[in-house]
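Listed below, chain by chain, are the residues.
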2 protein chains.
Amino acid sequence: MFNDPHLSPLSVGEALAPAAIPRPLRVGMIGIGTVGAGTWRVLRRNQGLIAGRAGRGIEIVAVAARNLARAAAVLDGVEGVELTADPLRVATHPGVDVVVEAAGGTGPAREWVLAAIAHGKHVVTANKALLAVHGNEIFAAAQQRGVAVAYEGAVAVSIPIIKALREGLTANRIEWVAGIINGTTNFILTQMRDEGLDFDTALAQAQALGYAEADPSFDVDGVDAAHKATLLAANAFGMPVGFEQAHVEGIRSLQAIDVACAETLGFRIKLLGIARRGGAGAGGRERGAADGVELRVHPALVPARHLLAQVDGSMNAVLVKGDACGVTMYYGAGAGSEPTASAVVADLVDVARLAADSTAAHRVPPLAFHPHAQRDRAVLPMGDVRTRHYLRVPVAAGRADAKELVAGHLAAAGVPVQTLHVHAVPETDGAAAIDHVLVVTPAVADAQVQAALERLRDAPGLCVQAPVRLRVEMLE
Amino acid sequence: MFNDPHLSPLSVGEALAPAAIPRPLRVGMIGIGTVGAGTWRVLRRNQGLIAGRAGRGIEIVAVAARNLARAAAVLDGVEGVELTADPLRVATHPGVDVVVEAAGGTGPAREWVLAAIAHGKHVVTANKALLAVHGNEIFAAAQQRGVAVAYEGAVAVSIPIIKALREGLTANRIEWVAGIINGTTNFILTQMRDEGLDFDTALAQAQALGYAEADPSFDVDGVDAAHKATLLAANAFGMPVGFEQAHVEGIRSLQAIDVACAETLGFRIKLLGIARRGGAGAGGRERGAADGVELRVHPALVPARHLLAQVDGSMNAVLVKGDACGVTMYYGAGAGSEPTASAVVADLVDVARLAADSTAAHRVPPLAFHPHAQRDRAVLPMGDVRTRHYLRVPVAAGRADAKELVAGHLAAAGVPVQTLHVHAVPETDGAAAIDHVLVVTPAVADAQVQAALERLRDAPGLCVQAPVRLRVEMLE
């Protein structure tokens, strides 16, 4: 049979005596919008392939939807699927082995997921907000009930980055994880750079093209990236999820002039989600970092020649540095119906592969480490985080003492200077010419740079516009 | 306990009552050279972290080595490890649960691995040659005996690409896999491009720096990449491993002029391992590909702006295109002691997580698909493979009819032309000036281009040097 050319992979169900193949995994799905419909479509289209990999079929047997007519249109007359308007009916359905939560949001979704767990169902979700906020409660409940909670689709959907962290890189002491984990902002940043647009124009373009929502704050203010960074940190360092501890800055106040100035210095600006082991890792010690974990989302200058700087448009990429593997990178679509479905279905296959009598002791733990090996690591206050910095100090054009003055103020504030450069912008449209003094620093504590920035801003007769600081990440 | 800040992850063994944690996984290792010593080091250094992830300890209890004195130096006086010169002693050791084959080679390694399987041991290996040549036999034996064979370290060591294919992307019909999967050749190609070196000089540099072996043929002739491409193809398409069916070309005959000409056309040259679904996939149909799977290793021009073109030095990267996930990429070190150990230890953690009574039905199958769903897919003869091509036709400088003549011969040979360009090289060091007519074609069958090349070569009075063809991969 191994070499039978007549055996199509679509005929897996017929290929073995019925007794030899476990019965299909029965899936209940809550929500059949973008993620749910993609999951339905992919499971139908590739059912033979998927069963050949999973060792058994995967069948959606119940669907809860707010709009039953639209849901029925997605299901397209396929029989044997129970359609209901009641999510709890699916969450507690006696004929369901695993519940896919594809509804989104945090309040009701939390209740449905907890109900499913209480009824002994495994849970698959791509809902990063839910897990970043309620993950500890949900994982503890699942652990206690002996069911799995899988969420590959919650971070950088098309890329199996949760699997890489939880299973692929288990040999390593993870030093840091850093990534472009929000497609909307990466699209906007790419447009700002490629077309020289300001933020508002690039945002409007992204909205017109469907890359940004009408209310874009969740994306552009960094909240979505922070949800994902929280999950990455928990998996990398064996700590509970703690979204409220993350430092979150978006790209709303990013100016076109800084995109251009970064370019002249050999950098590009990306919105990064970063989780870094503090004093414990070798890298941390070298940078003089305090003990604890860094968990932060903010725009950052990255070297233009770095692979991550080449990740453009709405694509995502995550870098992971481990002490054995070195720097690795994972790249792919970060959103979309089928890319998300790719992750959801992979989670379903993982669940399908669990033996009926498998226990938590023999599973991949939800947050990479078994509960007894987790630690509630302190997240460093942002003021204590040490990174390199970019500073832009706008002064009157032609001042001969500009560099000297800026350097003097920085020295007085205890901020060392690595490079100092003047970027002259000539008079345009009636706006006065400005010399932008650009500074790149070695690693300095964040609070110290903030204090220096205020000192520069308040220095009498120095700045003609507000000075700007951005962090620099070398990602080595 | 969950939030106890005093509980170090190193104390996992003490954190639970002894009965609650399964006994450690006992590892026997054959060979303690680069891979084996790295595995030993990483397991020792990160033992607490690894146990916290695996849910149990992982201990090396027996080691076979040719040079016992050197092995003892690596073990560094650690007690409780049996050291022997007899690999079969380790392969059949009653106190061993899993055997790490870290010896390399194909003949004896095959025997040791089969002996371990016959004695009910799981096997972990990073030996791509062994699996590309003897994989079918080894996997069948393991299946029959109910043990696992894991080999993450066999391809692009630091990157969990086997895991991505077998578990992360299970939802997808894989359309193609393409990668830079040999670090030595990528280092040489990077030097040729960055420094303008010819192949021999770049190879000598690579040898001096330890990136290439004294006998480099295994790497530079593409054999190593073909072993890996064979494993990727098997996992992507659910077919047995079939190294002997791969088309294998290395970079030995690559000329500096082609590296330069590729650059002027907006391409870079990389040695790629490619596995592509033929007529079955949408992409295949568009390109007019015949049915069957493409399995090939050869240098190829890739767009200079493509992320893969930025992968330089000895680094590896693998692209996977699935019908749901789209194009994804995985990047990291492709060789080295600890990057390989990262993969070997991850495999050990996977084995440690298997329940004692787990059966093959509930495991990840060795080649991604359960045996009953595998198909012995035909590998397309290279002549039938359709790709875009780059042609360089060196003619006497200043010939006004050069482009016209070349286009005419190609038309007569049925090879369409997409772009036609003349790259003039002036007289240097007594060598006559040459006009290189550069052609890029749309997708054409390989055999047809070969015939056209011979026609150009044989055209009286046309070529002043042998014309050259290289394949072009857009990787979209």
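These numbers were taken from a predicted model, which means no experiment stands behind them.

Rules behind the numbers
In this convention, every chain numbers its residues from 1, walking through the sequence in written order. Naming scheme: in the order in which they are written, chains are lettered from A and ligands are numbered from 1. In view of the model being predicted, local features appear only for residues whose pLDDT reaches at least 70, and side-chain atom pairs are presented and counted only at 80 or more, with totals across whole chains, interfaces and linings using the full set of residues. Water and hydrogen atoms were dropped before computing side-chain values, which therefore reflect all heavy atoms in the structure. In this analysis, two residues are considered to be in contact whenever any of their non-hydrogen atoms come within 4.5 Å of each other. Basic side-chain nitrogens of Lys or Arg form a salt bridge, by our definition, when they fall within 4 Å of a carboxyl oxygen of Asp or Glu. Throughout this description, a polar contact denotes any pair of N or O atoms lying within 3.5 Å of each other; where both atoms belong to protein, one of them has to be capable of donating a hydrogen while the other can accept it, and for residues adjacent in sequence the pair is counted only when both atoms sit in side chains. Working definition: helices are DSSP H or I runs of at least four residues, strands are E runs of at least two. Numbering for both runs from the N terminus. Pairing between strands is defined by DSSP: at least two bridges between them are needed. Lines fitted to C-alpha atoms define the axes, with helix axes restricted to the stretch in contact, and inter-axis angles between N-to-C directions lie between 0 and 180 degrees. Values of pLDDT, ranging from 0 to 100, describe the predictor's confidence in every residue of the model. Each copy is superposed on the other by least squares, with the fit set by C-alpha atoms of residues at a pLDDT of at least 70 in both. In this entry, domain limits derive from an automatic or database-based domain assignment. Convention used here: angles under 35 degrees read as roughly parallel, angles over 145 as roughly antiparallel, angles from 65 to 115 as roughly perpendicular, and any remaining angle as oblique. Crossing handedness: left-handed means the near helix sits turned counterclockwise from the far one by under a right angle, and right-handed means the same turn made clockwise. UniProt positions are given in the numbering used here, feature names are shortened, and annotations may be inferred rather than shown by experiment. Amino acids are sorted into nonpolar (Ala, Val, Leu, Ile, Met, Phe, Trp, Tyr, Cys and Pro), charged (Asp, Glu, Lys and Arg) and polar (every other residue, Gly among them). Any residue under 20% of the maximum accessible area for its type is buried, any over 50% is exposed, and the rest in between are partly exposed; the area is computed with a 1.4 Å probe on protein chains only.

K.L.:
Honestly, the interface of chain A and chain B in this entry has me stumped. Any pointers?
P.N.:
The parts lose accessible area when they come together, and the size of an interface is often stated as this lost area. The interface of chain A with chain B comprises 81 residues on the first partner and 81 residues on the second. Notably, a salt bridge pairs Glu167(B) with Lys163(A), separated by 2.9 Å at the nearest N-O pair. Scanning the region where chain A abuts chain B turns up 26 residue pairs in polar contact (both at pLDDT 80 or more). Contributions of two or more residues to the side of chain A that touches chain B are made by helix H1 (12-15), helix H2 (34-45), helix H3 (47-54), helix H8 (161-168), strand S12 (326-333) and helix H15 (337-353) of chain A. Ranked by residues supplied to the side of chain A that touches chain B, first place goes to H15(A) with 10 residues. Note: S12(A) against strand S12 (residues 326-333) of chain B, three bridges, orientation antiparallel. Paired with Tyr330(A) across the strands is Tyr330(B), a residue of S12(B).

K.L.:
Sorry, what's going on with the sheet that holds strand S3 (residues 82-84) of chain A here?
P.N.:
The strands that make up a sheet are held in pairs by hydrogen bonds between backbone atoms, and each pair lies either parallel or antiparallel. Residue and element names in this part refer to chain A. Taken in spatial order, the six strands line up as S3-S2-S1-S4-S5-S6 in an open sheet, and their pairing is parallel. The strands lining the two open edges of the sheet, one partner per strand, are S3 and strand S6 (149-150). Here two bridges tie strand S5 (residues 122-125) to S6, and the two strands are oriented parallel to one another. Residue pairing across strands places Val124 opposite Ala150, the latter belonging to S6. Contacting strand S2 (58-64) and S3, helix H4 (residues 68-75) runs over the sheet at an angle of about 155° to S3.

K.L.:
Sorry if this is basic, but what is going on with the side chain of Lys163(B) here?
P.N.:
With respect to the element layout, Lys163(B) can be found in helix H8 (residues 161-168). Apart from residues lying up to four places away in sequence, Lys163(B) is in contact with Lys163(A), Glu167(A), Gly168(A), Glu152(B), Gly168(B) and Asp350(B).

K.L.:
Can you help me understand the confidence of the model for chain A in this one?
P.N.:
When pLDDT is low, close inspection of the predicted coordinates is not appropriate. All names here are of chain A. Mean pLDDT for chain A: 92, with 93% of residues reaching 70 or above. Note that pLDDT drops below 50 for residues 1-18; the model gives that stretch 28 contacts with residues more than four away or on any other chain. Here residues 280-289 scores under 50 on pLDDT; set against residues more than four positions off or in separate chains, the count is 15 contacts. Note on the complex model: pTM 0.94, ipTM 0.94.

K.L.:
Would you explain the sheet that holds strand S6 (residues 149-150) of chain B in this entry?
P.N.:
If you walk across this open sheet you meet the six strands as S3-S2-S1-S4-S5-S6 (chain B), and the pairing is parallel. Every other strand in the sheet has two partners, leaving strand S3 (82-84) and S6 of chain B as the edge strands with one partner each.

K.L.:
It is not clear to me how the pattern of salt bridges should be interpreted in this structure. Could you clarify?
P.N.:
By the definition in use, this model includes 56 salt bridges over all chains. One salt bridge in this structure joins Arg252(B) and Asp221(B), with 2.9 Å as the shortest N-O distance. Of this pair, Arg252(B) sits in the loop between strand S8 (247-248) and helix H13 (256-264) while Asp221(B) sits in the loop between helix H11 (217-220) and helix H12 (223-237), and the two are 31 residues apart along the sequence. It is possible to trace a salt-bridge network through shared partners that takes in Lys163(A), Glu167(A), Asp350(A), Lys163(B), Glu167(B) and Asp350(B).

K.L.:
Would you mind showing me how to read the relation of the copies chain A and chain B here?
P.N.:
With an RMSD of 0.0 Å, the operation that places chain A on chain B is a rotation of 180° combined with a shift of 0.0 Å along the axis. Here the two chains are linked by the operation of a two-fold rotation axis. When C-alpha distances to the rotation axis are compared across chain A, the minimum falls at Tyr330(A), with a value of 2.4 Å. Here 100% of the contact residues of chain A are again contact residues in chain B; the copies associate through an equivalent surface.

K.L.:
In this structure, what is going on with the domain arrangement of chain A? I would like to understand it.
P.N.:
Domain boundaries in chain A define domain 1 (25-157 + 341-373), domain 2 (168-334) and domain 3 (386-472). Distance from the C-alpha centre of domain 1 of chain A to the C-alpha centre of domain 3 of chain A: 51 Å.

K.L.:
Would you mind going over the packing of H2(A) against H15(A) with me for this structure?
P.N.:
Between two packed helices, the angle of one axis relative to the other and the distance separating the axes together describe the packing. Residue and element names in this part refer to chain A. The interhelical angle for the contact between H2 and H15, taken along N-to-C directions, is 65°, at an axis separation of 8 Å. In terms of their interaxial angle, H2 and H15 are classed as roughly perpendicular. Once H2 is placed against H15, the crossing between them reads as right-handed. Residues Thr34, Val35, Gly38, Thr39, Arg41, Val42, Leu43 and Arg45 of H2 lie in contact with H15, whose contacting residues are Ser337, Glu338, Thr340, Ala341, Val344, Val345 and Leu348.

K.L.:
Could you clarify how one ought to interpret the UniProt feature "binding site: L-homoserine" (unreviewed entry) in chain A in this entry?
P.N.:
All names here are of chain A. In the UniProt entry, the feature "binding site: L-homoserine" (unreviewed entry) is given for Glu213. Structurally, the position occupied by Glu213 is in the loop between helix H10 (199-208) and helix H11 (217-220). Setting aside chain neighbours within four positions, we find Glu213 in contact with Gln207 and Asp219.

K.L.:
It is not clear to me how the packing of helix H6 (residues 107-118) of chain A against helix H7 (residues 128-145) of chain A should be interpreted in this structure. Could you clarify?
P.N.:
Residue and element names in this part refer to chain A. Viewed as axis vectors pointing N to C, H6 and H7 meet at an angle of 10°, and their least axial separation amounts to 9 Å. Classified by the angle between their axes, H6 and H7 sit roughly parallel to one another. In this structure, H6 contributes Ala109, Arg110, Val113, Leu114, Ile117 and Ala118 to the contact, and H7 contributes Leu130, His134, Glu137, Ile138, Ala141, Ala142 and Arg145. Taken together, the residues that form the contact of H6 with H7 break down as nine nonpolar, one polar and three charged.

K.L.:
Explanation requested: unusual backbone geometry in the structure shown.
P.N.:
All names here are of chain B. Phi is positive for Ala156, which is not a glycine, with a value near 50°. Tracing the sequence through the fold places Ala156 in the loop between S6 and H8. Judged by its relative accessible area of 1%, Ala156 is buried.

K.L.:
Quick question: what am I supposed to make of the environment of Thr340(B) here?
P.N.:
Residue and element names in this part refer to chain B. Within the fold, Thr340 resides in helix H15 (residues 337-353). Residues Thr340 and Ala126 lie 214 residues apart in sequence; the distance between their C-alpha atoms is 7.5 Å. For Thr340, the residues in contact, after removing those within four places along its chain, are Val35, Ala126, Val157 and Ala335.

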